[in-house]
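A structural walkthrough
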Amino acid sequence: MCLGVPMQVKTIENEMAICEIDGVQREACLMMIEGVEVGDYVLIHAGFAIEKIDEDEAQLTLQALREALDMGLVPE
Amino acid sequence: MKHQKEYRDPELARLQLQAIRQAVAGFDRTITLMEVCGTHTMAIYQHGIRSLLPEQIRLVSGPGCPVCVTPVGYVDQAVALSRRPNTIIASFGDMVRVPGSSSNLLQEQARGATIKIVYSPLDAVNLAERTPGADVVFLGVGFETTAPTVAAAILTAAQKDLDNFYVLCSHKTMPGPMTTLAGDPEIQVDGYLCPAHVSAIIGANAYQPLVDAYQVPCVVTGFEPLDMLQGVLMLARQVVAGVARVETQYSRVVKPEGNPKARKILYQVFETCAARWRGIGDIPDSGLQLRPDYHRFDAARQLPVAIEPSIEHQGCLCGEILKGKLRPKDCPLFRTTCTPEDPVGACMVSSEGTCAAEYKYGG
């Protein structure tokens, strides 16, 4: 039930945004997050953006994962 | 989907599995990790993660599906409300097939009740605005991810001064049941894969009291295969090292402090209360009820109905499955009398219930 769909903000008017994923557009309410701009990725749940997706953090997680695996593994 | 490809990289997954094997090598007992989120349950089955992990790591599903933990009496009350004249029940899709004591909402629809499936609670507010002659009752079920959206819908209804919009509230909160289960010696949870989107609202810091009280590691984990493998690895390393702390794997969405703006909306409308969880029982401070200022939107207060006595189906083991004590295959009804087409228990109804997941993807 807590499914969240990452969508890109296309337009913003007042507190409502049109968001898109894979060509599908949906209206979403932005009242729960601050500082959203067109082009940002947000997590949509039940018609509301509940959080912004942090692109830097997304890349950092992957990078940390690759580095940790590069350093710490014993060949099997 | 955003980041889906990177977080499904098979080569990285292979290396991560190797890292997990090496992390637990030589550790002398089974490590039981519990997820408490229906979307995790589905993802674990969908990607076959159990079969990839070393035998030493046991993944169990906890009470992470809001529909599944809703007591049967709630369904009975929704059924009774649907029989009122000029009443429209608006709900997310999963609730309408959950069996009550003697009926469910889908059966009531066949008998003439008006049941509308909505995508957002705001759709239910719009429905009330468009149909002034009818009472619209939205079924408010869900954890902290969903509850702020219902609070926002109530605020919208108040702003529009609607007198025909109601919520039948059964919202529940984390981490109450995680704390209860952490103290249950029969389950012995070694670590929690904490729910991802609930944590987006409540924040990773919300698990610190649980970690302090029970020394159980908590890792807030995302839904993609690499997310979950990394979450398992982070937990396994804590367990093997004998430490317990809160860590966030899903940092692209979840912050330590969560989303204060969403919580402000949530607690403007709701206040904490005790709640009954199917399979677990009453847990203090684990539910939400409407604050007195919003009682006029409370279906339970404003639209009194006679509710039949609650009867749980004999033989249904949903309760034990929700606590992670049993697997669906341990239930004699599973795949025989209980199937997705004709479900006996809520865990088979909800698309993210443990029984539905095991039925669809196999053990």
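Residues numbered from 1 in each chain as written. Chains lettered and ligands numbered in written order. Predicted model: local features only at pLDDT ≥ 70, side-chain atom pairs only at ≥ 80, totals over all residues.

**Details of the interface of chain B and chain A**
How big an interface is tends to be stated in terms of the accessible area lost upon association of its parts. In plain terms, the rule: In this description, any two residues whose backbone-derived C-beta atoms lie within 7 Å of each other are considered to be in contact. For the purposes of this entry, the term helix denotes a DSSP run of H or I that reaches at least four residues, the term strand denotes a run of E that reaches at least two, and both are numbered from the N terminus. Under the grouping applied here, Gly and all other residues not named as nonpolar or charged are polar, the nonpolar ones being Ala, Val, Leu, Ile, Met, Phe, Trp, Tyr, Cys and Pro and the charged ones Asp, Glu, Lys and Arg.
Counting from both sides, the interface comprises 44 residues of chain B and, opposite them, 32 residues of chain A. Residue assignment for the side of chain B that touches chain A shows that the elements contributing at least two residues are helix H1 (10–24), helix H2 (38–46), helix H6 (121–130), helix H7 (147–159), helix H9 (196–202), helix H11 (225–241) and helix H12 (260–269) of chain B. Looking at the side of chain B that touches chain A residue by residue, the classes come out as 23 nonpolar, 15 polar and six charged.

**Things to note about the packing of H6(B) against H7(B)**
Residue and element names in this part refer to chain B. Note the cut-off: Geometry is summarised by axes, namely lines fitted to C-alpha atoms with helices restricted to the contacting stretch, and by angles between N-to-C directions that run from 0 to 180 degrees. Roughly parallel means an angle under 35 degrees; roughly antiparallel means over 145; roughly perpendicular covers 65 to 115; every other angle is labelled oblique. Crossing handedness is read from the near helix: turned anticlockwise from the far helix by less than a right angle, it gives a left-handed crossing, and turned clockwise, a right-handed one.
Two elements in contact, H6 and H7, have axes separated by 8 Å at closest approach and are oriented at 25 degrees. One finds that H6 runs roughly parallel with respect to H7. Here H6 and H7 pass one another in a crossing that is right-handed. On the side of H6, the interface is formed by Pro-121, Leu-122, Ala-124, Val-125 and Ala-128, while H7 contributes Thr-149, Val-150, Ala-153, Thr-156 and Ala-157. Broken down by class, the residue content of the contact of H6 with H7 amounts to eight nonpolar, two polar and no charged.

**Some points on the pairing of strand S10 (residues 270–277) of chain B**
All names here are of chain B. Spelled out, the test is: At least two bridges found by DSSP between two strands are what make those strands a pair.
Sheet topology places S10 next to strand S11 (residues 281–290); seven bridges connect them, and they run antiparallel. Among the inter-strand pairings, Phe-270 is bridged to a residue of S11, identified as Leu-290. In this structure, the hairpin formed by S10 and S11 is closed by a connection of three residues, where Gly-279 is found at a positive phi of approximately 90 degrees.

**Focus: the packing of H1(B) against H11(B)**
All names here are of chain B. With their axes 9 Å apart at the nearest point, H1 and H11 run at an angle of 15 degrees to one another. Between H1 and H11, the interaxial angle falls into the category roughly parallel. Every pair of crossing elements has a handedness; the one defined by H1 and H11 is left-handed. Counting all contacts with H1, which are made through Leu-12, Ala-13, Gln-16, Leu-17, Ala-19, Ile-20, Ala-23 and Val-24, the residues of H11 involved are Pro-225, Leu-226, Leu-229, Gln-230, Val-232, Leu-233, Ala-236, Arg-237 and Val-240. Residue composition of the contact of H1 with H11, by class: 14 nonpolar, two polar and one charged.

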